[in-house]
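The residues making up each chain are set out below.
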Amino acid sequence: MSGPALRLALEIDGDGAHPAAWRRAAHSPDQLLSPRRLARVAAAAENAGFTLLTLDDGALPPGAGPDVVGRIGAVERAAFIAASTSVVGIAPVVPPTYAEPFHVSSQLASLDHISAGRAGWVVSEETRPEAASVWGRPLVDGDAARARESRDGVEVVRDLWDSWEDDAVIRSVATSRYLDRDRLHYVDFTGDTYTVKGPAIVPRPPQGQLVVFGSPDRVPGDQLDVALVEGRDLAAVTASASAAGTPRTFAEVEIALDTADATAEERVADLEEHGSWSDRGRLRHIGSAAGLAALLGELRGVVDGVRLHPLVLDEDLPELSRLVLPHLFERRHAVRPLPGASLRTHLGLDRPANRYAAAAAQEDAR
Amino acid sequence: MTRTDPLDVPRPDARLHFGVFFQGVNHWTVWSDPASGSQIDPANFRRVAQTAERGLFDAFFLGEGLRLREVDGQIHDLDVAGRPDAITQLAALAAVTDRIGLVSTSNTTFNEAPDLARRLSGLDLLSEGRAGWNVVTTDNAWTGANFRRGGYLDHADRYRRAEEFLTVARAIWDSWEDAAVSDSADAPSWAAPGAVRQVRHQGPQFDVDLAPTLPRSAQGHPVIFQAGDSGEGRDFAARNADVIFSAHGNDFDDALAFADDLRRRLRAVGRPEDDLRILPGTEIIIGATEEEALEKKRWIRLQQVTPATALGIAGLLWGIDLSGRDADGPLPKEDPVAAENDGSFGARRIADPRQVVAEWREKADANRWSLRETVIALGPQRGHVGTPEGLADKFAHFVRHGAVDGFNVTPYLIPDGLDDIVDHLVPALQERGVYRTDYTGTTLREHLDLREPLTHRTTTDRRRAG
Ligand SMILES: Cc1cc2nc3c(=O)[nH]c(=O)nc-3n(C[C@H](O)[C@H](O)[C@H](O)COP(=O)(O)O)c2cc1C
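Nothing here was measured: the structure is a model prediction, and the numbers come from that model. (Residues numbered from 1 in each chain as written. Chains lettered and ligands numbered in written order. Predicted model: local features only at pLDDT ≥ 70, side-chain atom pairs only at ≥ 80, totals over all residues. Heavy atoms only, no water.)

Considerations on the overall build of chain A
Put simply, the test is: Strands here mean DSSP runs of E at least two residues long; helices mean DSSP runs of H or I at least four residues long; both are numbered from the N terminus. When we talk radius of gyration, it's over C-alpha atoms, and the globule rule is simply 2.2 Å times the number of residues to the 0.38. Relative accessibility decides the category of a residue: with a 1.4 Å probe and only protein chains considered, values under 20% of the type maximum give buried, values over 50% give exposed, and everything between is partly exposed. In this description, accessible areas are obtained by the Shrake-Rupley approach with a 1.4 Å probe, and a residue is regarded as covered only by the protein chains that are shown. Only four residue types enter the tally: Lys and Arg on the positive side, Asp and Glu on the negative side, with His and both chain ends excluded. All charge positions are set by atom: Lys at NZ, Arg at CZ, Asp at CG, Glu at CD.
In terms of regular secondary structure, chain A is built from 11 helices and 13 strands. Taken over C-alpha atoms, the radius of gyration comes to 21 Å for chain A, in line with the 21 Å a tight globule of 366 residues would show. Each of the 366 residues in chain A was classed as buried or not, and the buried ones make up 61%. When the accessible area of chain A is evaluated, it comes to approximately 13,300 Å², of which 49% is carbon and sulfur surface. Taking the average location of the 38 positive side-chain charges in chain A and that of its 53 negative ones, the two points are 4 Å from each other.

In structure tokens form, the structure reads like this:
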């Protein structure tokens, strides 16, 4: 298969995709939540040439029993990373199931300002019933109810990003007006379970709208910029990608690579003694760097990008940056992000016009 | 002013603490100046925070307002507006600063305790013990229109919710034992068994049963600030806060009375008198000479109180729409209309407009002031004006007499408004021995010279007693 070059994303939550990844990490467990560790991973991934970093999250501990139970909020980590990197895109996972959409909108818009237009949002769900107690809200029960909260959440967050037109700050010294109030808009959102007045308190994000990622099974395709598609093999990924109906698609790929110290198989087997790497129905590559490069080459033309979930960050990221990404860049099977460009630009997405400004322009034209 | 003899004062060794308050929505930021930069550009937040850090400030503060201000049902368009989410912005600053405290104003009404506690903990860990939380309560249904719950809490309940909120937050912050996380990958589990306690709380405002996700930071947990001036607010501070962010920092006698009042309240709840730092918000205007400083103040006031702003402020006092009138002319002839609620938010409530207007008329007549000049002269008198040396003497006097512990400086210009203070006032204070010459600790709690968190003290005390 051939096609346009892929965009590469990396999930960097915790120590890796395996619940017991912390046992093979290059640092002691109590360093996992340190800022130095976070900055180091982000720098390594940016230098390797990833277009996007994602950070998983949820209100509940990431693991249970013997594994990692600590996690700093994804938005806070993303903001920290944004200030310590310069090119790579950053997308925290934020589930709108119980959260306040007004806060979510402000936090993500702020992240876009902080990163000068490099921010995205991975929409997820809080599926465990205990999450309701964390939020002090009634249980959002069942797939349909969670989908409703996601749909309403994404809609109002997007409404709020448009509630300031790009040029709402006018600084008109002659009239003493800082704002043009006609360029600020009440969103007057009415969802199934709540209403939001608006406008936002954060001016429109640099990208206009952040890049919204999510599963097309969970969030309506017309609310997503990028569908995160799953499937255990190429055929399944191809089918999901062509059904997604979103401007862009990224395939979810779990990986474990051979290293100088151990084969990928051995590394997985070692961690499987402590717990299992549960099958989420995603592509999985356990083997050589060359094999992964070949697989990614095959995904060109099927999807626009891939999101890699490494078994253990400290072991797989060096292999990715030494062997896999350079190979892909060299053959133009993937591209590095350019300094100074927005995440939208990196993904070939237009900057959306503000809906109110667009409506006003149309009105003028009549 | 003469130099204070340091030995002849109640607190000869007192040190002044500075914070910087990056103002969000207000008419004190002079946005019309050509040197005035963006209120949202991250470079400006970084510049102010790094300047403050160069000046050995304790903290960088962000305020909060969760709905754009309105006057008579219309979005207020005269003042700077539009700001980032505080914790998100501060988490970014954690990456580009080393020592300065990072304080988020976050309200207890339109947040949920477990969520906010976690976000603040995250900031505390990312900054390695530099986070602070300025606890504010929001009491208007109008802000609630942006939230799932809507406007639901009446005035009387807001401090009750704040108190329960803090109880839950502290339980979450204290739920991990120190050194809960193993230091070896070969340990049986990532966190030591039993080192993370489930938090269960049932009360009128919160019903939670959760497994917290974060360890303690280098300073235990975020430093608690409080901003609110009512008796209820001060009592809340006396029971809970490490620092109070007050509005009593202009006049020495007023500041001292406020500080004495707080010390009384601290004694009443069994806390040491020196347990709470008092940092009033203040503007500082510096000139090479007194005359230059006064001239600068006059110019700044005219930029802050534009004709339109003067008419807006007077309009609120009169209860009449004065837009379109001549601000540089005489005061309105009409009598004020006493309005119960004028539909304006973010404005000061005026107890007796008739009396205030009578006073304004009298002073304006006597001094031949225009309406705008009257608004400037008789509006809230804020801040301190003078030479670096004069201000240093004055501030030494304030702090050595226990009227304040420092100031939360509100620069009138972004991003350069702090430069004068750091370059000229700070050295003058250092010369007088009332300001640190280096950071001696790494955490905000250490900068403020605070004891350990209140909850930790009670456990220690209990352990000692038991
Ligand atoms: C110096 C100072 C700063 C404040 N900053 C904020 C703020 O940034 N956001 C906010 O919502 N309220 C702020 N407040 C308002 C208080 O939290 C509180 O709601 C208000 O003072 C009314 O409470 P009270 O009746 O106890 O004074 C501030 C108050 C003071 C005195």
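Focus on the overall build of chain B
How we decide: We call two residues in contact whenever any of their non-hydrogen atoms come within 4.5 Å of each other.
Check the secondary structure of chain B and you find 15 helices and 15 strands. Computed over the C-alpha atoms, the radius of gyration of chain B is 23 Å, within 12% of the 23 Å expected from 2.2 N^0.38 for a compact globule of 466 residues. Its C-alpha atoms give chain B principal-axis dimensions of roughly 80 × 55 × 45 Å. Relative to its full complement of 466 residues, chain B shows a buried share of 59%. The long-range fraction of contacts in chain B, counting pairs at least 24 apart against all pairs at least 6 apart in sequence, stands at 77%. Only carbon and sulfur atoms are counted for the fraction: they give 48% of the accessible area of chain B, which is about 18,600 Å². Averaged over its 54 positive side-chain charges, chain B has a centre that lies 2 Å from the centre of its 72 negative ones.

Considerations on helix α7 (residues 264-272) of chain A
Residues and elements named next belong to chain A. Spelled out, the test is: Note: the arc covers the axis-to-C-beta directions of the helix.
Here α7 has its buried residues at A264, R267, V268 and L271. The arc that holds the buried residues of α7, viewed along the axis, is 95 degrees, so those residues lie on one side. On its buried face, α7 is in contact with β11 (248-257), β12 (283-287) and α9 (313-330).

A few points about the interface of chain A and chain B
Our working rule: Put simply, buried area is how much 1.4 Å-probe accessible surface two parts lose in total, over both of them, once they are put together. Just to be clear on terms, a salt bridge is a Lys or Arg side-chain nitrogen sitting within 4 Å of an Asp or Glu carboxyl oxygen. By the criterion applied in these results, polar contacts are pairs of N or O atoms within 3.5 Å in which, for protein atoms, one can donate a hydrogen and the other can accept it, and in which residues neighboring in sequence qualify only through two side-chain atoms. In the scheme used here, Gly and all other residues not listed as nonpolar or charged are polar, with Ala, Val, Leu, Ile, Met, Phe, Trp, Tyr, Cys and Pro taken as nonpolar and Asp, Glu, Lys and Arg as charged.
Each partner contributes to the interface: chain A provides 72 residues, whereas chain B provides 74 residues. Summing both partners gives a buried area of about 6,000 Å² for chain A against chain B, and 60% of it is carried by carbon and sulfur. Linking chain A with chain B are 4 salt bridges. The partner of B:D77 in a salt bridge is A:R181, and the shortest N-O contact between them spans 3.5 Å. Linking chain A with chain B are 33 residue pairs in polar contact (both at pLDDT 80 or more), by the criterion used here. Elements represented by at least two residues in the side of chain A that touches chain B include exactly α1 (35-48), α2 (74-84), α3 (101-114), α4 (130-135), β5 (169-172), β6 (177-179) and β8 (195-196) of chain A. Here the element with the most residues in the side of chain A that touches chain B is α3(A); it accounts for 9 residues. The class makeup of the residues in the side of chain A that touches chain B is 39 nonpolar, 18 polar and 15 charged.

Structural notes on the packing of aromatic side chains
What describes a pair of aromatic rings is the distance from one ring centre to the other and the angle between the planes of the rings. The test is simple: Two rings belonging to Phe, Tyr or Trp (six-membered ring only in the last case) form a pair when the distance between their centres is within 6.5 Å. Interplanar angles under 30 degrees mark stacking, angles over 60 mark edge-to-face geometry, and anything in between is tilted.
In total, this model carries 23 aromatic pairs over all chains according to the counting rule given. Pairing A:F102 with B:F147 gives two aromatic rings, centres 5.3 Å apart and planes at 65 degrees, and the pair type is edge-to-face. Placement of the pair is A:F102 in helix α3 and B:F147 in the loop between α4 (141-144) and α5 (155-173), with the two residues belonging to separate chains. Residues A:F102 and B:F147 agree in their burial class; the two are buried.

A closer look at the packing of α2(A) against α3(A)
Residues and elements named next belong to chain A. Test applied: Lines fitted to the C-alpha atoms define the axes, with helices restricted to the stretch that makes contact. Angles between their N-to-C directions range from 0 to 180 degrees. These descriptions rest on fixed angle ranges, namely under 35 degrees for roughly parallel, over 145 for roughly antiparallel, 65 to 115 for roughly perpendicular, and the rest for oblique.
Close contact between α2 and α3 brings their axes to 9 Å; oriented N to C, the two are set at 10 degrees. Classified by the angle their axes make, α2 and α3 are roughly parallel. Judged by residue contacts, V75, A78, A79, A82 and A83 of α2 engage Q107, L111 and I114 from α3. Of the residues contributing to the contact of α2 with α3, the split by class is 7 nonpolar, 1 polar and no charged.

Thoughts on the environment of A:R218
Residues and elements named next belong to chain A. Its place among the elements puts R218 in the loop between β9 (211-214) and β10 (226-229). Linking R218 and D143, residues 75 residues apart in sequence, is a C-alpha distance of 8.3 Å. Once residues lying within four places of it in the same chain are set aside, the contact partners of R218 are E125, D143, A147 and S150.

So, the site of the ligand
Residues and elements named next belong to chain B. Inclusion rule: Whether a residue is near a molecule or strand depends on its heavy atoms: if one lies within 4 Å, it is near.
Among the 14 residues in the neighbourhood of the ligand, the closest are listed as E64, Y159, A227, D229 and S230. One of the backbone N or O atoms of E64 is found 2.7 Å from a nitrogen atom in the ligand. Within the side chain of Y159, one N or O atom sits 2.6 Å away from an oxygen atom of the ligand. Contact with the protein chains covers 71% of the free accessible surface of the ligand, which is 610 Å². Of the residues belonging to the shell around the ligand, the class tally is 4 nonpolar, 7 polar and 3 charged.

Concerning the packing of α3(A) against helix α2 (residues 86-96) of chain B
Put simply, the test is: Two helices crossing with the near one rotated counterclockwise from the far one by less than a right angle form a left-handed crossing, whereas a clockwise rotation gives a right-handed crossing.
Running from N to C, α3(A) and α2(B) point in directions that differ by 35 degrees, and their axes come no closer than 8 Å. Relative to α2(B), α3(A) is oriented so that their crossing is right-handed. Contacts from A:Q107, A:S110, A:L111 and A:I114 of α3(A) reach α2(B) at B:T88, B:Q89 and B:A92. Of the residues contributing to the contact of α3(A) with α2(B), the split by class is 3 nonpolar, 4 polar and no charged.

Thoughts on the pattern of salt bridges
Throughout the structure, instances matching the rule amount to 74 salt bridges over all chains. Between A:D316 and A:R267 there is a salt bridge, with the nearest N and O atoms lying 2.8 Å from each other. One end of the pair, A:D316, is in helix α9; the other, A:R267, is in helix α7, with 49 residues separating them in the sequence. Relative accessible area serves as the criterion here: at 0%, A:R267 is assigned to the buried category. Among the salt bridges present, the one from B:D242 reaches B:R445, with a minimum N-O distance of 3.6 Å. A residue pair is termed long-range when its members are at least 10 positions apart, and B:D242 in the loop between α6 (231-240) and β10 (243-244) and B:R445 in helix α14 (residues 444-447) qualify at 203 residues. For the pair B:D242 and B:R445, one class covers both residues: buried. Three or more residues joined by partner-sharing salt bridges are found here, namely A:E11, A:E230, A:E252, A:E254, A:R282, A:R284 and A:R307.

Topic: helix α7 (residues 252-268) of chain B
All names here are of chain B. The line we're drawing: Expected helix span is taken as 1.5 Å per residue step, with the number of steps being one fewer than the number of residues.
Here α7 is 17 residues long and its end C-alpha atoms lie 24 Å apart, about the 24 Å a rise of 1.5 Å per residue gives. For α7, every residue scored as buried is listed here: F252, A255, F258, A259, D261, L262, R263, R265 and L266. Those residues of α7 that are buried lie in contact with α6, β10, β11 (277-278) and α12 (388-400). Between the side-chain oxygen of the N-cap and the backbone nitrogen of D253 there are 3.3 Å, and the N-cap of α7 in question is D251. Among the residues trailing α7, G270 stands out with phi positive, at a value near 80 degrees.

Describing the side chain of A:R204
Residue and element names in this part refer to chain A. Looking at the secondary structure, you find R204 in the loop between β8 and β9. Looking at R204, its side chain comes within polar contact range of the side chain of D162, at 2.9 Å. Within the local environment of R204, its side chain forms a polar contact with the backbone oxygen of P352, the two atoms lying 3.0 Å apart. Excluding residues that lie within four positions of it along the chain, R204 makes contacts with H113, W161, D162, W164, D166, Q209, R351, P352, A353 and N354.

Regarding the nonpolar core
The following threshold applies: As used in this record, nonpolar core signifies buried Ala, Val, Leu, Ile, Met, Phe, Trp, Tyr and Cys residues forming a set joined through side-chain atoms within 4.5 Å.
Counting residues in hydrophobic clusters, the biggest one holds 193 residues, and the most contacted among them are A:F50, B:F18, B:F57 and B:F60. Among the elements that make up this core, the one with the highest residue count is α5(B) (8 residues). One finds B:A310, B:L311, B:L317 and B:L371 within the second-largest nonpolar core, a separate group that totals 16 residues.

Observations concerning the confidence of the model for chain B
All names here are of chain B. Applied cut-off: Each residue carries a pLDDT score, the predictor's confidence in it, ranging from 0 to 100.
Per-residue confidence for chain B gives a mean pLDDT of 92, with 94% of residues at or over 70. In this model, residues 461-466 is a region of pLDDT below 50 whose contacts with residues beyond four sequence positions or in other chains number 0 contacts. Interface scoring of the predicted complex returns ipTM 0.98; its pTM is 0.96.

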